[in-house]
Amino acid sequence: PDGPQNAVVQEHSFSLVDEASARDVADQLGFSGPLYVQRIAPEFAPPEGEDQFNMFTAFEDSRILNISDNGVTLEDRGVVMDYDNRLSFAAAAPLVEEQLEAWGLLDFPYEIKDLDGSVVTLQRLINGIPNSQNEFNVFFNQEGELYYFDYHPLRVVTELGNYPLRPAEAAWEQIQQPSG
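All figures in this text were calculated on a predicted structure; none of them were measured in a lab.

Q: If you had to explain the pairing of strand E3 (residues 55-60) to someone new, which residues and values would you point to?
A: The two faces of the sheet receive side chains in turn, since in a regular strand these alternate between them. As defined by bridge partners, strand E2 (residues 36-38) adjoins E3 across 3 bridges and the pair is classed as antiparallel. Each bridged residue has a counterpart across the sheet, and for Val-37 the counterpart in E3 is Phe-56. Bridge count for E3 against strand E4 (residues 63-68) is 6 bridges, and the pairing is antiparallel. Bridge pairing links Thr-57 to Asn-66 in E4. Taken together, E3 and the strand that follows it, E4, pair antiparallel across an intervening segment of 2 residues, in which Asp-61 is found at a positive phi of about 55°.

Q: Give a detailed account of the pairing of E4, specifying residues and quantitative values.
A: Where burial is concerned, most of E4 is hidden: 6 out of the 6 residues are buried. Burial along E4 is two-sided: the face carrying Arg-63, Leu-65 and Ile-67 and the face carrying Ile-64, Asn-66 and Ser-68 are both buried. Relative to strand E5 (residues 71-76), E4 runs antiparallel, the two being bridged by 6 bridges. The residue bridging Ser-68 from the neighbouring strand is Gly-71, located in E5. The hairpin turn running from E4 into E5, its antiparallel successor, is 2 residues long.

Q: Give me the lowdown on a nonpolar patch on the surface, citing residues and values where you can.
A: On the surface, Val-9, Leu-160 and Tyr-163 cluster together into a nonpolar patch covering about 260 Å² of accessible area. Residue classification places Tyr-163 among the partly exposed positions, given a relative accessible area of 43%.

What counts and what doesn't
Residues numbered from 1 in each chain as written. Predicted model: local features only at pLDDT ≥ 70, side-chain atom pairs only at ≥ 80, totals over all residues. Heavy atoms only, no water. Pairing = 2+ DSSP bridges. Helix = DSSP H or I, 4+ residues; strand = E, 2+ residues; numbered from the N terminus. Buried < 20%, exposed > 50% of the residue type's maximum accessible area, 1.4 Å probe, protein only. Patch = residues over 30% accessible without salt bridge, like charges linked within 9 Å, V, L, I, M, F, W, Y side chains within 5 Å. Areas by Shrake-Rupley, 256 points an atom, 1.4 Å probe, with all protein chains shown as cover. Salt bridge = Lys/Arg side-chain N within 4 Å of Asp/Glu carboxyl O.

Quick look at the structure:
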């Protein structure tokens, strides 16, 4: 087969975010005001024995930052977004890289992709192969202003093994063989 002969399998799990780590993220993204803790109503809380979902919110002018156990979102409600006239991928990609570098978030190898002509996504490269999870999704308006950003960092990475790959035909033949 063409391509890699083996694949590294990793488990990517989220850790619980606490107030101190949320404060660090808020500071990194330029939010100096207070963090508000969102509480989940008891009827929506996870079952007993499961971890409580953590969500912190910060406000800075027209910007809203949400930091939770599974990622970060930032929305600037003062930026007008015309979805019918979005910035092209070619114009947006350098803006995305510049913004993420300014925030100190691009400290790993990555691949930048055009999702649908105007949505810029970044995927971390692990052993030269793009991770299946978009780590960043970023939207700029036609004037080049940041409208929306979401970030789903890989927080706890555990390598489970390195497994051989085989062609589909060989795998199908193996499945069809009676096991004994």
